Amino acid sequence: MARTPLMAGNWKMNLDHLEAAALVQKLDWTLKDLKHDFSRVEAAVIVPFTDIRSVQTLVEADEMKIKYGAQDVSVHDAGAYTGEISTAMLTALGCTYVVVGHSERREYHGETSQLVGQKAKKALDAGLLPIMCCGEALEIRKAGTHVQYVLGQVEEMLSGLTAEEVAKSVIAYEPIWAIGTGEVATPENAQEVCGAIRTKVAELFDRATADALRIQYGGSVKSANVKDIMAQPDVDGALVGGASLKADEFAKIVTYLG
Ligand code: PEP
């Protein structure tokens, strides 16, 4: 089954709302210049909460095909949860995607795979598409238990979801040792884990669900290595951090097919 690759730029805590508008505008112009066909490869920007309104205004006004989303979401609907943002707030701003369980949220905010699964469920209930992150730290990779470790995370994240929900979701495999370090997993390393995730999803649900699910690789992806990573059969896109902050570089990643 054909899965449309998704290139998503995770801006993390970078760029205010004015800088966000400038970057999205430049990205759109660059992709138009390159005659990018969004039906072949989807492009999304995953921006700080404070940037979403300006990105929405620009995307709607210029009828851009770039999609956008948030970097986290609350499991609660509303109320006394200081600092949190609900799914309803994100859908009101036209978000398509929401990243849940990024390793930085797991590390600095103690998020567990169980909570990440709850956030994904909440997102899906609201009509948002979750990009669920997983990935191992260097010690686990060195111990050779990375596949087993990541599959454990995946099983927990998906435990409350239906097959239909999993089929429209995205899983991002991001080895922590490759995030922001310049250290890239080899295409074979990426395939090993992404392939194992798909096999696991077929076991937990069914083959059709596993075939529909998009699995991204993330970790120091740039224009120089994207082609080899995307050549792997179970890699359906990339979650891109640093390289998504430069319009030209991210546009090259999005247009890797040429
Ligand atoms: C990320 O933020 O998810 C990421 C993969 O970052 P980088 O591309 O900078 O390694």
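The rules behind the values
Residues numbered from 1 in each chain as written. Predicted model: local features only at pLDDT ≥ 70, side-chain atom pairs only at ≥ 80, totals over all residues. Heavy atoms only, no water. Near = heavy atom within 4 Å. Polar contact = N/O pair within 3.5 Å; in protein donor to acceptor, adjacent residues only side chain to side chain. Areas by Shrake-Rupley, 256 points an atom, 1.4 Å probe, with all protein chains shown as cover. 1 Å grid on protein atoms, 1.4 Å probe; cavity = no way out; pocket = protein on both sides within 12 Å on 5 of 7 lines; lining within 4 Å. Sits in = over half its atoms within 2 Å of the grid points. Nonpolar A, V, L, I, M, F, W, Y, C, P; charged D, E, K, R; others polar. Points joined across faces, edges and corners; volume = space filled by probe spheres on them. Helix = DSSP H or I, 4+ residues; strand = E, 2+ residues; numbered from the N terminus. Buried < 20%, exposed > 50% of the residue type's maximum accessible area, 1.4 Å probe, protein only. Axes fitted to C-alpha atoms, helices over the stretch in contact; angles between N-to-C directions. Parallel < 35°, antiparallel > 145°, perpendicular 65-115°, else oblique. Left-handed = near helix turned anticlockwise from the far one by under 90°. Contact = heavy atoms within 4.5 Å. Pairing = 2+ DSSP bridges. Right-handed = clockwise from strand over helix to strand, strands pointing away.

### Concerning the site of the ligand
Logical step 1: In the vicinity of the ligand there are 14 residues, among which Lys-12, Glu-174, Gly-180, Ser-220 and Gly-241 approach most closely.
Logical step 2: At a separation of 2.6 Å, an oxygen atom of the ligand approaches a polar backbone atom of Gly-180.
Logical step 3: Computed on the free molecule, the ligand has an accessible area of 300 Å², of which 95% lies beneath the protein chains in the complex.
Logical step 4: Of the pockets mapped on this structure, the ligand occupies the second largest pocket.
Logical step 5: Grouping the amino acids of the shell around the ligand by side-chain chemistry returns four nonpolar, eight polar and two charged.

### Describing the layout of surface pockets
Logical step 1: The volume enclosed by the largest pocket comes to roughly 500 Å³.
Logical step 2: Taken together, 22 residues make up the lining of the largest pocket; nearest its centre are Phe-49, Gln-71, Asp-72, Arg-105 and His-109.
Logical step 3: The set of elements that each furnish at least two residues to the lining of the largest pocket consists of α4 (103–109) and α5 (113–125).
Logical step 4: Per element, the largest residue contribution to the lining of the largest pocket is four residues, and it comes from α4.
Logical step 5: Of the residues that constitute the lining of the largest pocket, the class distribution is nine nonpolar, seven polar and six charged.
Logical step 6: Lining the second largest pocket are 18 residues, with Lys-12, Gly-180, Val-240, Gly-241 and Gly-242 sitting closest to its centre.

### Re helix α12 (residues 247–254)
Logical step 1: With six of eight residues buried, α12 is to be regarded as a mostly interior element.
Logical step 2: Along α12, the residues that are buried comprise Ala-247, Glu-249, Phe-250, Ala-251, Ile-253 and Val-254.

### Some remarks on the packing of helix α1 (residues 17–33) against helix α2 (residues 52–61)
Logical step 1: Close contact between α1 and α2 brings their axes to 8 Å; oriented N to C, the two are set at 30 degrees. The angle between α1 and α2 places the two elements in the roughly parallel class. By crossing handedness, the relation of α1 to α2 is classed as right-handed. Together, His-17, Ala-20, Ala-21, Val-24 and Gln-25 of α1 and Ser-54, Val-55, Leu-58 and Val-59 of α2 make up the contact between the two elements.
Logical step 2: Residues belonging to the contact of α1 with α2 are distributed by class as follows: six nonpolar, three polar and no charged.

### What to know about the pairing of strand β4 (residues 97–100)
Logical step 1: Because side chains alternate across β4, one face comprises the buried residues Tyr-97 and Val-99, and the other comprises Val-98 and Val-100, equally buried.
Logical step 2: The sheet contact formed by strand β3 (residues 67–70) and β4 spans two bridges and is parallel. Residue pairing for β4: Gly-69 is matched across the bridge by Tyr-97.
Logical step 3: Chirality of the crossover, the property in question, places the unit of β3, helix α3 (residues 87–92) and β4 among those that are right-handed.
Logical step 4: Bridge count between β4 and strand β5 (residues 129–134): four bridges; the pairing is parallel. Across the sheet, Tyr-97 pairs through a bridge with Leu-129, a residue of β5.

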